[in-house]
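Chain by chain, the residues:
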2 protein chains.
Amino acid sequence: MGVPRDDAALGADVLVLADLRGVDSHGVSNMLRSYVNGYTSGQINPNPQMTIVRETPATASIDSDRGLGIITTPKAMDIAIEKAAAVGIGMVTLGNARHLGMASYHAMLALEHDMIGVCMTSCPPSVVPTFGAEPRLGTNPIAIAVPSRHEAPFVFDAATSTVAGNKVGIARRLGVKLEPGWLADSEGTPIMEETDAPDNYTLLTLGSTRELGSHKGYGLSCMVDILAGVLTGFGYGAVPGRPNFGHYVAAYNVAGFDDPEHFKDTMDEWLRMMKSTRPAPGEERVMVAGQPEAEMEIIRRAEGIPLHQEVVDWFHDTCGELGIDCPF
Amino acid sequence: MGVPRDDAALGADVLVLADLRGVDSHGVSNMLRSYVNGYTSGQINPNPQMTIVRETPATASIDSDRGLGIITTPKAMDIAIEKAAAVGIGMVTLGNARHLGMASYHAMLALEHDMIGVCMTSCPPSVVPTFGAEPRLGTNPIAIAVPSRHEAPFVFDAATSTVAGNKVGIARRLGVKLEPGWLADSEGTPIMEETDAPDNYTLLTLGSTRELGSHKGYGLSCMVDILAGVLTGFGYGAVPGRPNFGHYVAAYNVAGFDDPEHFKDTMDEWLRMMKSTRPAPGEERVMVAGQPEAEMEIIRRAEGIPLHQEVVDWFHDTCGELGIDCPF
């Protein structure tokens, strides 16, 4: 697609790590064809010139020149990590950006530096504010990764909507019912009974209804839209005609607060404490964020990543069209 | 209570601003008597020596010497603001701390400096993790305040539990039913029908059940416990016997990312965009975080703060016991 070799390798690493961790929604089968389409249509710039627009010792804002987020964001995170090594914190925004990929990939880059990593992205609107009939917010995920010693690190990565948008498409394809509280109807009213995937719907913020706390999910989604959208200087999710995304990464140097060795021991203690919580009746175990993904990564590194035949066919077809050798 | 005059004035400002903004749960009627009890029992140190344990240009961690959070946290936020003015970001943790008060008070201190303010606090356990039967997390609120020009600033301040703990007590006193999804029973099973306030219960994280996304509220609550607990170096919410709290404040200098004048204009545009969302059927209007509180503040600054007679009596009694003139 005209992407420089090193950049292509970096992007592949982001996609494959998503697949290894079981985050199939952000792996090759779900994202790669939209990236190929974006490069083909010219929406995504294969060879962006990233420019630092503003900078202080702890901050930078970057014009990412329509570069794909899975490639530009790790580079922004490297800048954040450098700044955090120098002054304790690094925080970088990316405007004029394209799809982020798995947010936790970027956050996790901080781990080997004994830093806490954070990543958010402001997406195009698909989610209604509490009491609203029109989508004004994206699924706007928040990711945070925290280093530990022997335990798998704490890695949280979740949309601030009740569910990710592609779960609705999957349910429609499989013909299964959707849970109460996942969607609003076309007028913004939360659907609070089991339902077939409707033709017209919007997503709800975490909490689903005002009574259950949707105003909290709404507020958190706004926070993401502000930090990863407004703060970039390049607009926010609902700016009319804005076809892009905004990203936000941060690195907090643990050594700026506590002895990193003491911190990692305490995180191990904290993770074990949480995982040893007695389960509620009928539940098997209590997990912590990042644990299911770490367990899946062990399995898939041993057994490989399962791909649907349709995806394999797409690979063969696309490689054929582009004149690339397909390695499988 | 032995609190120096300036500190007492600062603490009073935090309590009264909570009352003015309609956050009665954190104002004089609900918090002051527990603070008086804490000073009387020696749990809270009236004259703490705050010590910076670690420091970098962008970070500091503070031993707050059992000082009350409503007094120590604004001072920590002043340090964060100074650091953000110098290097772009300031982030400060407070360990060995006592109750925070209204989290958004501290976040809002950043506003007049054209900075974004953040505040979190790690509280003693009252909330079950998803699938858990035992409380392991506090109500662990997140607050963020963002400057604007003419519109009331975006001020988000919410517990990561479905509801604040004291709503259950209020419902019991008033004899009203609680909403589905607010509580778990004594074994950790979410109560998903309307219920009287049970004798034994725990709180659920935002999302209420796994299907509705409680693992997201759980993850966000963990994030708070890590940043405002583990990162302080003084333990976390569920450390056995830890009778205290941990706090976290941060200031992000807007000028480190964008022209602050452009940012504030964009925030006004963003706030108006969100508030002008067409409402869903049966709903009056879409609001943004901080708007109801700003509207209440206008009313209460004009009309005063309503206090229950029982609270007024407590003031009279307590002032009498302590030999203080009661001003009303």
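Residues numbered from 1 in each chain as written. Chains lettered and ligands numbered in written order. Predicted model: local features only at pLDDT ≥ 70, side-chain atom pairs only at ≥ 80, totals over all residues. Heavy atoms only, no water.

A. Here's a closer look at the overall build of chain A. The number of helices and strands found in chain A is 9 helices and 9 strands. Relative to its length of 328 residues, chain A is compact, with a C-alpha radius of gyration of 20 Å against a globular reference of 20 Å. Along the first, second and third principal axes, the C-alpha set of chain A runs to 55 × 50 × 45 Å. By the burial criterion, 57% of the 328 residues in chain A qualify as buried. When contacts within chain A are restricted to residue pairs at least 6 apart in sequence, those whose partners lie at least 24 apart make up 63%. When the accessible surface of chain A is totalled, it reaches about 12,800 Å², and 52% of it is carbon and sulfur. When the 24 positive and 41 negative side-chain charges of chain A are each reduced to one mean point, those points stand 3 Å apart. (Helix = DSSP H or I, 4+ residues; strand = E, 2+ residues; numbered from the N terminus. Rg over C-alpha atoms; globule rule 2.2 N^0.38 Å. Buried < 20%, exposed > 50% of the residue type's maximum accessible area, 1.4 Å probe, protein only. Contact = heavy atoms within 4.5 Å. Areas by Shrake-Rupley, 256 points an atom, 1.4 Å probe, with all protein chains shown as cover. Lys, Arg positive; Asp, Glu negative; His and termini not counted. Charge placed at Lys NZ, Arg CZ, Asp CG, Glu CD.)

B. Molecular detail of the interface of chain A and chain B. Every contact between the two is made by 90 residues of chain A and, on the other side, 90 residues of chain B. Summed over both partners, the interface of chain A with chain B buries about 7,300 Å², with 69% contributed by carbon and sulfur atoms. Of all residues in chain A, A:Phe131, A:Lys216 and A:Phe257 bury the most surface against chain B, accounting for 11% of the area lost on that side. At the junction of chain A with chain B, the criterion picks out 2 salt bridges. (Buried area = accessible area lost by both parts, 1.4 Å probe. Salt bridge = Lys/Arg side-chain N within 4 Å of Asp/Glu carboxyl O.)

C. A look at the relation of the copies chain A and chain B. Expressed as a screw operation, the relation of chain A to chain B combines 0.0 Å of axial shift with a rotation of 180°, fitting to an RMSD of 0.0 Å. Expressed as an axis order, the relation between the two copies is that of a two-fold axis. The C-alpha atom lying nearest the rotation axis in chain A is that of A:Gly207; the distance is 2.4 Å. (Least-squares fit on C-alpha atoms with pLDDT ≥ 70 in both.)

D. Structural view of the packing of aromatic side chains. All chains considered together, the criterion is met by 6 aromatic pairs over all chains. For the ring pair A:Phe154 and A:Trp270, a centre distance of 5.7 Å and an interplane angle of 85° mean the geometry is edge-to-face. One end of the pair, A:Phe154, is in strand S6 (residues 154–158); the other, A:Trp270, is in helix H7 (residues 260–275), and 116 residues separate them in sequence. Residue class for A:Phe154 comes out buried when judged on its relative accessible area of 0%. Owing to a relative accessible area of 0%, A:Trp270 belongs among the buried residues under this scheme. With centroids separated by 5.3 Å and ring planes inclined at 65°, the aromatic side chains of B:Phe315 and B:Phe328 adopt a geometry described as edge-to-face. Linking B:Phe315 in helix H9 (residues 309–322) with B:Phe328 in the segment after H9, this pair joins segments that are 13 residues apart in sequence. (Phe/Tyr/Trp six-rings, centres within 6.5 Å; stacked < 30°, edge-to-face > 60°.)

E. Representation of the state of the cysteines within the structure. For the structure on display, the rule yields 0 disulfides over all chains. Unpaired in terms of disulfides, A:Cys319 finds its nearest cysteine sulfur in A:Cys326, a separation of 4.0 Å. The thiol of B:Cys123 is unpaired, and the distance to the nearest cysteine sulfur, on B:Cys119, comes to 10 Å. When its relative accessible area of 9% is taken as the criterion, B:Cys123 is described as buried. (Disulfide = S-S within 2.5 Å.)

F. Inspection of the pairing of strand S1 (residues 51–55) of chain B at higher detail. Residues and elements named next belong to chain B. Across 4 bridges, S1 lies against strand S2 (residues 59–63) in antiparallel orientation. Bridging across to S2, glutamate 55 finds its partner in alanine 60. The loop that links S1 with its antiparallel partner S2 comprises 3 residues. (Pairing = 2+ DSSP bridges.)

G. Structural view of helix H1 (residues 5–20) of chain B. Residues and elements named next belong to chain B. The end-to-end C-alpha separation of H1 is 22 Å, in line with the 22 Å expected for 16 residues at 1.5 Å each. Within H1, burial applies to Asp7, Gly11, Val14, Leu15, Leu17, Ala18, Asp19 and Leu20. In this structure, the buried residues of H1 make contact with helix H2 (28–41), helix H3 (69–87), helix H4 (103–108) and helix H8 (291–303). Glycine 22 occupies a position one or two residues after H1 and carries a positive phi of about 80°. (Expected span 1.5 Å × (residues − 1).)

H. Quick look at the side chain of A:His99. All names here are of chain A. The topology assignment puts histidine 99 in the loop between strand S3 (89–97) and helix H4 (103–108). Polar side-chain contacts of histidine 99 include one of 2.7 Å to the side chain of tyrosine 35. With residues up to four places along the chain from it excluded, the contact list for histidine 99 reads His26, Met31, Tyr35, Leu68, Gly69, Ile70, Phe245 and His247. (Polar contact = N/O pair within 3.5 Å; in protein donor to acceptor, adjacent residues only side chain to side chain.)

I. Up close: the environment of B:Trp182. By the secondary structure assignment, B:Trp182 is in the loop between helix H5 (166–174) and strand S7 (183–185). C-alpha separation for the pair B:Trp182 and B:Trp270, spaced 88 residues apart in sequence, amounts to 31 Å. Among all residues touching B:Trp182, those that are not within four sequence positions of it are A:Glu211, B:Thr162, B:Val163, B:Lys167, B:Ile191, B:Leu203 and B:Leu204. Here the side chain of B:Trp182 touches A:Glu211 through a polar contact of 2.8 Å, landing on its backbone oxygen.

J. Quick peek at the confidence of the model for chain A. Taken as a whole, chain A shows an average pLDDT of 95; of its residues, 100% reach a score of 70 or greater. Across the assembled chains, the prediction reports ipTM 0.97 with pTM 0.97. (pLDDT = per-residue confidence, 0-100.)

K. Quick look at the packing of H1(B) against H8(B). Residue and element names in this part refer to chain B. The geometry of H1 relative to H8 is characterised by a closest axis approach of 8 Å and an angle of 105° between their N-to-C directions. The angle between the axes of H1 and H8 places the two elements in the roughly perpendicular class. Together, Leu17, Asp19 and Leu20 of H1 and Met296, Glu297, Arg300 and Arg301 of H8 make up the contact between the two elements. Across the contact of H1 with H8, the residue classes tally to 3 nonpolar, no polar and 4 charged. (Axes fitted to C-alpha atoms, helices over the stretch in contact; angles between N-to-C directions. Parallel < 35°, antiparallel > 145°, perpendicular 65-115°, else oblique. Nonpolar A, V, L, I, M, F, W, Y, C, P; charged D, E, K, R; others polar.)

L. Structural view of the pairing of strand S9 (residues 245–253) of chain A. All names here are of chain A. Most of S9 is tucked away, with 9 of its 9 residues classed as buried. Side chains Phe245, His247, Val249, Ala251 and Asn253 of S9 all project onto a buried face; the interleaved residues Gly246, Tyr248, Ala250 and Tyr252 project onto the opposite face, where all are buried too. Examined bridge by bridge, S3 and S9 share 7 bridges and lie antiparallel to one another. When the bridges of S9 are listed, alanine 97 appears paired with phenylalanine 245. Where strand S4 (residues 115–122) and S9 come together, 8 bridges link them in antiparallel fashion. Of the residues in S9, the one forming a bridge with methionine 115 is asparagine 253.

M. Region of the structure containing the pattern of salt bridges. Per the stated rule, a full pass over the model turns up 32 salt bridges over all chains. Across the pair B:Arg149 and B:Glu261 runs a salt bridge, and its minimum N-O distance is 2.9 Å. On the criterion of sequence distance, the pair formed by B:Arg149 in the loop between strand S5 (142–146) and strand S6 (154–158) and B:Glu261 in helix H7 (residues 260–275) is long-range, its members being 112 residues apart. The class for B:Arg149 is partly exposed, based on a relative accessible area of 32%. Here the salt bridges do not stand alone but share partners, grouping A:Asp114, A:Arg149, A:Glu261, A:Lys264 and A:Asp265 into one network.

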